[in-house]
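# Reading the structure
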Amino acid sequence: MRQRPFALLSLGLCLVAMPAMAAPAPKSKPPAVAPKPVEPDVTGLVIDARDLDYEPRMSPALYDDGAHNLLDGLSFDPEKVASDGFARWVRSYNPDEPNPRVGAKPMILKPLRVEGGDRLIFSAEDGSKLKVANSRDKFIDRMRILILY
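Everything quoted here is computed from the prediction, not taken from an experiment.

For the chain, the count of helices and strands is two helices and nine strands. Of the regular secondary structure in the chain, the N- to C-terminal order runs β-β-β-β-α-β-β-β-β-α-β. Here the chain holds 149 residues, and the buried ones make up 33% of them. Within the chain, contacts between residues separated by at least 24 positions form 73% of all contacts whose residues are at least 6 apart in sequence. Approximately 10,600 Å² of the chain is accessible, and the part contributed by carbon and sulfur atoms is 56%.

As structure tokens, then:
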């Protein structure tokens, strides 16, 4: 009977010498790609208050018709407000000509009325649209507002 290397016949086991296996190659990470800047859906806010007898103010108040403050929870840099103003007041606006203050894709809203001399009142639907768009694109936070008067 021929003997086999590493054979343990009495236990019924056979040991076989195997060549060492190479460790798997480390997985390489794909090269880091800078995320593509996301274009905002809304670049600013145009408030058309021309027929409401509303005069320019340092900080206009924006409410919906349910008495909810649409600016609640937002904070603004006082120095930026003092230097640039919360909003730019204009007598005319052409949506076909992008304005640097509100960009190329502003949301245009018309208030329902003025209350107390300084509150612009919007419909609940417009107020909701405004809050959702600003939470995503932050145009009010950056005071990208034109008010037509």
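Next, the rest of the story.
To continue, consider the sheet that holds strand S3 (residues 44-48). Hydrogen bonds between backbone atoms are what pair the strands of a sheet, whose relative direction is either parallel or antiparallel. Strands sit in the order S5-S9-S3-S6 across an open sheet of four strands; the sheet is parallel. A single partner strand is all that each edge strand has here, and the edge strands are strand S5 (88-90) and strand S6 (106-109). Pairwise comparison of adjacent strand axes, ignoring direction, gives a mean angle of 20 degrees for this sheet. Relative to strand S9 (residues 145-148), S5 is paired through three bridges, and the arrangement is parallel. Paired with Arg88 across the bridge in S9 is Leu146. Sitting on the sheet, helix H2 (residues 124-137) touches S3 and S6, and the angle it makes with S6 is about 165 degrees.

Reading the values: rules and limits
- Residues numbered from 1 in each chain as written.
- Predicted model: local features only at pLDDT ≥ 70, side-chain atom pairs only at ≥ 80, totals over all residues.
- Heavy atoms only, no water.
- Helix = DSSP H or I, 4+ residues; strand = E, 2+ residues; numbered from the N terminus.
- Buried < 20%, exposed > 50% of the residue type's maximum accessible area, 1.4 Å probe, protein only.
- Contact = heavy atoms within 4.5 Å.
- Areas by Shrake-Rupley, 256 points an atom, 1.4 Å probe, with all protein chains shown as cover.
- Pairing = 2+ DSSP bridges.
- Axes fitted to C-alpha atoms, helices over the stretch in contact; angles between N-to-C directions.

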